[in-house]
Amino acid sequence: MSQPQHMEALQLANEIRLQHVAIRKQIKAGELTFQQAIDLPYGDRMPITKLFGAYRHTGPRLASLICRAANVREDRAWRDLTDRQQRILLEIGEWWDQGHRMLPWHYNEWRVGA
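Residues numbered from 1 in each chain as written. Predicted model: local features only at pLDDT ≥ 70, side-chain atom pairs only at ≥ 80, totals over all residues. Heavy atoms only, no water.

A. Molecular detail of the overall build of the protein. The number of helices and strands found in the protein is 6 helices and 0 strands. Along the protein, from the amino end to the carboxyl end, the secondary structure elements read α-α-α-α-α-α. Out of the 114 residues belonging to the protein, those deemed buried represent 35%. Taking all contacts inside the protein whose residues are at least 6 apart in sequence as the whole, residues at least 24 apart take part in 53%. (Helix = DSSP H or I, 4+ residues; strand = E, 2+ residues; numbered from the N terminus. Buried < 20%, exposed > 50% of the residue type's maximum accessible area, 1.4 Å probe, protein only. Contact = heavy atoms within 4.5 Å.)

As structure tokens, this is what we get:
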């Protein structure tokens, strides 16, 4: 890779990181919903655990539980998920956006793929 290409790649990677930080801050402040976050440029590239972990009172352990409920690896990005996994996580995301911080009693239905 030539020097200009290398610098362009570094600049793009830094831009993506900054966008991810901005998205997490907006989620934490309640300015963005889960759906809005994944619709933003570079939002669909964020690991699912980082998206859910950005919510107030949600840490890595709870974000990991959400991923397990949807049978998703923790490091997977939105754009890498199947339609079924996306549907499940959207439903959980809507639940989270309503202020809930525990999985509902029927999270096993999500896991099974209702």
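B. Seen up close, the pattern of salt bridges. Summed over all chains, the structure comprises 1 salt bridge. The shortest N-O distance in the salt bridge between arginine 73 and aspartate 75 comes to 3.0 Å. (Salt bridge = Lys/Arg side-chain N within 4 Å of Asp/Glu carboxyl O.)

C. Seen up close, the side chain of histidine 20. Tracing the sequence through the fold places histidine 20 in helix α1 (residues 3-28). Residue class for histidine 20 comes out buried when judged on its relative accessible area of 11%. Not counting residues up to four positions away in its chain, the partners in contact with histidine 20 are Tyr42, Arg45 and Met46.

D. Quick look at the packing of aromatic side chains. Following the criterion strictly, the structure yields 4 aromatic pairs and no others. Relative to tryptophan 78, the ring of phenylalanine 34 lies with its centre 5.8 Å away and its plane at 75°, an arrangement referred to as edge-to-face. Of the two residues, phenylalanine 34 sits in helix α2 (residues 34-39) while tryptophan 78 sits in the loop between α4 (60-69) and α5 (83-97), which places them 44 residues apart along the sequence. Members of the aromatic cluster, joined through ring pairs, are Phe34, Phe52, Tyr55, Trp78 and Trp96. (Phe/Tyr/Trp six-rings, centres within 6.5 Å; stacked < 30°, edge-to-face > 60°.)

E. Layout of α5. Between its first and last C-alpha, α5 extends 20 Å over 15 residues, near the 21 Å set by a 1.5 Å rise per residue. Regarding α5, the residues found buried are Gln85, Gln86, Ile88, Leu89, Ile92, Gly93 and Trp96. What you see down the axis of α5 is that its buried residues fit within an arc of 165°, all on one side. One or two positions beyond α5, positive phi appears at glycine 99, with a value near 100°. (Expected span 1.5 Å × (residues − 1). Arc of directions from axis to C-beta.)

F. Broad picture of the confidence of the model for the protein. Across the protein, pLDDT averages 87, with 89% of residues at or above 70. Mean pLDDT across the elements of the protein ranges from a minimum in helix α6 (residues 107-112), with 53, to a maximum in α2, with 94. (pLDDT = per-residue confidence, 0-100.)

G. Up close: the side chain of glutamine 86. Following the sequence through the fold, glutamine 86 ends up in helix α5. Note on glutamine 86: relative accessible area 18%, which makes it buried. Apart from residues lying up to four places away in sequence, glutamine 86 is in contact with Trp78, Arg79 and Leu81.

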